[in-house]
Amino acid sequence: MQVTIDHSAGFCKGVEHSVRIAEDELERGGTLFCLGEIIHNRQEVSRLSEKGLQIIDHDAFSRLKDVRVLIRAHGEPPETYRIARENNITLIDTTCRIVRTLQQRIREDDAEALPQGVQMVIAGKKDHPEVRGLRGQIPGTVRIISTAEELAGIDFRKPVCIYAQTTFNASRFESIKTQAVELSNAIPEGERGPLIIRNTICGEVRRREKTLAGFCRGHAVIVFVSDPTSSNGKFLFSICKTNNASSYFVTGPGELEAEWFTGADSAGVTGATSTPLWLLQKVAEKITRIVSSQQE
Ligand code: SF4
């Protein structure tokens with residue numbers, strides 16, 4: 001049986017950059033703190049913790065002084081930078097370039113439309129660190145929604161700006177977009193406020209979504225490796241399931257079950273944008289061992 005690792009899987013560029021910088025900083029010695037888990041993958045977090053990375057939450061961060069703290073790819077609100085300045089904390093800022101651009105875009109749109117009372121909306125997960133970083137960019141209220149139905153409370157007579165968390169589900173964002181346009185158009189021209197919809201879903205996530213469907217259809221069995229807390233992982237696994245009913249979700253090689261591969265002629269191994277390549281390789285190696293022992 002052939003076992004293939006999806007060549008488009010592994011870290012996205014933003015996460016790859018954060019992990020590389022963390023490793024470089026750890027090699028320089030001394031303590032390196034990271035504000036929140038560097039990525040949504042416990043196995044990669046524990047690998048880096050063994051090298052000396054210490055994960056802290058925002059409470060612990062506000063009590064630290066004169067230390068080095070890494071900001072992960074998801075980014076942080078301005079408040080974090082203020083605390084760092086006051087407490088003489090050196091920030092190793094690895095905010096993803098795409099997230100940084102989105103933060104700036106929100107600030108600019110808010111400043112431009114503010115005099116008219118703009119309503120800012122982000123399609124995303126309320127407690128996701130990227131979303132917390134985005135909503136902190138402006139002083140006013142930001143509504144976080146996850147479905148088109150949640151647009152019901154918005155007044156389209158006033159300006160509305162809608163964005164997406166970079167890893168938000170593309171088809172769900174399309175429904176939100178369609179519904180927002182319909183609600184806005186239901187108001188007579190001249191009475192409705194401007195509607196700005198920015199599709200800020202990361203291109204890397206969208207590309208992976210496209211190639212993943214083909215990869216899943218090309219293999220008898222799919223093993224998807226991810227941490228269960230990764231929203232991107234949940235979303236990409238749903239694509240696997242849609243395109244191949246024999247798709248299985250695991251966090252690592254220990255969860256593989258021999259019966260999944262009985263009679264299969266090929267297996268594909270893939271994962272979330274936060275799943276390290278080394279973990280995909282371990283899973284692929286274990287599948288090969290399982291299949292070899294079945295053939296003995
Ligand atoms: S998914 Fe895209 S936006 Fe998010 S960290 Fe990765 S590259 Fe950056």
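Basis of the calculations
- The numbering scheme is per chain: residues are counted from 1 as the chain's sequence reads.
- Confidence filtering applies because this is a predicted model: local features only for residues at pLDDT of at least 70, side-chain atom pairs given and counted only at 80 or more, and all residues used for totals across whole chains, interfaces and linings.
- Only heavy atoms go into the side-chain values, all of them from the structure, while hydrogens and water stay out.
- Only heavy atoms are used to decide nearness, and a residue is near a molecule or strand if one of them lies within 4 Å of it.
- Points on a 1 Å grid, built from protein atoms alone, make a cavity when a 1.4 Å probe fits but cannot get out and make a pocket when they are open with protein on both sides within 12 Å along at least 5 of 7 lines; residues with an atom within 4 Å of a point are the lining residues.
- Throughout, a molecule is located in a cavity or pocket provided that more than half of its atoms lie within 2 Å of its grid points.
- Aromatic pairs are defined between Phe, Tyr and Trp rings, using the six-membered ring for Trp, whenever the two ring centres lie within 6.5 Å; interplanar angles under 30 degrees are classed as stacked, those over 60 as edge-to-face, and all others as tilted.
- Numbering of helices and strands starts at the N terminus; helices are DSSP runs of H or I of at least 4 residues and strands are runs of E of at least 2.
- When accessible area is computed with a 1.4 Å probe and restricted to protein chains, residues below 20% of their type maximum are described as buried, those above 50% as exposed, and intermediate ones as partly exposed.
- The rule for a charge over a ring is simple: NZ of Lys or CZ of Arg within 6 Å of the ring centre, and within 35 degrees of the ring normal.
- The domain boundaries here were taken from an automatic or database domain assignment.
- Any two residues having at least one pair of non-hydrogen atoms within 4.5 Å are treated as being in contact.
- Here the quantity called buried area is the accessible surface, traced with a 1.4 Å probe, that two parts lose on coming together, added over both.
- When a carboxyl oxygen of Asp or Glu is within 4 Å of a side-chain nitrogen of Lys or Arg, the pair counts as a salt bridge.
- Identification of polar contacts relies on pairs of N or O atoms within 3.5 Å, with a donor-acceptor requirement for protein atoms, meaning one able to donate a hydrogen and the other able to accept it, and with residues adjacent in sequence counted only if both atoms are side-chain atoms.
- Three categories are distinguished: nonpolar for Ala, Val, Leu, Ile, Met, Phe, Trp, Tyr, Cys and Pro, charged for Asp, Glu, Lys and Arg, and polar for the others, with Gly belonging to the last.
- By the convention used here, strands pair only if DSSP detects at least 2 bridges between them.
- For helices, the axis comes from a line fit to the C-alpha atoms of the stretch in contact; other axes are also lines fit to C-alpha atoms, and the angle between any two N-to-C directions lies between 0 and 180 degrees.
- With the far helix as reference, a near helix turned anticlockwise by less than a right angle produces a left-handed crossing, and one turned clockwise produces a right-handed crossing.

Caption draft 1: Spotlight on the site of the ligand. Neighbouring residues of the ligand: Cys12, Gly14, Ala73, Cys96, Ile98, Thr166, Thr167, Cys202, Glu204 and Val205. Of the pockets mapped on this structure, the ligand occupies the largest pocket.

Caption draft 2: Expanded view of the packing of aromatic side chains. Summed over all chains, the structure comprises six aromatic pairs. Their ring planes at 80° and their centres at 5.3 Å tell us that Phe237 and Phe249 sit as a pair that is edge-to-face. Residue Phe237 is located in helix 9 (residues 231-243), and its partner Phe249 is located in strand 11 (residues 247-250); the two are separated by twelve residues in the primary sequence. The class of Phe237 is buried, set by a relative accessible area of 15%. Residue Phe249 is classed as partly exposed on the basis of its relative accessible area of 27%. The rings of Phe224, Phe237 and Phe249 are connected pair by pair, giving a single aromatic cluster. The positively charged end of Lys241 is found above the aromatic ring belonging to Tyr248, 6.0 Å away from the centroid.

Caption draft 3: Looking closely at the domain arrangement of the protein. The domain boundaries assigned to the protein delineate domain 1 (2-10 + 203-295), domain 2 (13-96) and domain 3 (98-165 + 168-197). Of note, the centres of domain 1 and domain 2, computed from C-alpha atoms alone, are 29 Å apart. Each partner contributes residues to the interface: domain 1 has 13 residues there, and domain 2 has nine residues. In total, domain 1 and domain 2 occlude about 900 Å² of area from one another, counting both sides; carbon and sulfur atoms represent 44% of this. The largest contributions to the domain 1 side of the interface with domain 2 come from Asp227, Ser274 and Trp278, which together make up 48% of the buried area. On inspection of domain 1 and its partner domain 2, the count reaches one salt bridge. Among the salt bridges present, the one from Arg42 reaches Asp227, with a minimum N-O distance of 3.4 Å. Here domain 1 and domain 2 share four residue pairs in polar contact (both at pLDDT 80 or more) between them. Residue composition of the side of domain 1 that touches domain 2, grouped by class: four nonpolar, seven polar and two charged.

Caption draft 4: Structural detail: the pairing of strand 6 (residues 119-123). Counting buried positions along strand 6 gives five out of five residues, so the element sits mostly inside the fold. With burial as the criterion, each face of strand 6 is covered, one bearing Gln119, Val121 and Ala123 and the other bearing Met120 and Ile122. As paired strands, strand 6 and strand 8 (residues 160-164) are joined by five bridges and run parallel to one another. For Val121, the partnering residue across the bridge sits in strand 8 and is Ile162. As paired strands, strand 6 and strand 7 (residues 142-145) are joined by four bridges and run parallel to one another. Paired with Ala123 across the bridge in strand 7 is Ile145.

Caption draft 5: Local environment of the packing of helix 8 (residues 203-217) against helix 9. The geometry of helix 8 relative to helix 9 is characterised by a closest axis approach of 8 Å and an angle of 35° between their N-to-C directions. As for the relative orientation of helix 8 and helix 9, their crossing is right-handed in sense. For the pair formed by helix 8 and helix 9, the contact residues are Val205, Arg208, Glu209, Leu212, Ala213, Cys216 and Arg217 on the first element and Asn232, Phe235, Leu236, Ile239, Cys240 and Asn243 on the second.

Caption draft 6: Representation of the sheet that holds strand 10 (residues 221-225). One open sheet holds the four strands; their spatial order is 1-12-10-11, and the pairing between them is parallel. Pairing within the sheet leaves two strands with one partner each, and these edge strands are strand 1 (2-5) and strand 11. When strand polarity is set aside, the average angle formed by the axes of neighbouring strands in this sheet is 20°. With four bridges joining them, strand 1 and strand 12 (residues 266-271) adopt parallel strand pairing. If you follow Ile5 over to strand 12, its bridge partner there is Val269. Across the sheet, helix 9 touches strand 10, strand 11 and strand 12, and the angle it forms with strand 11 is around 160°.

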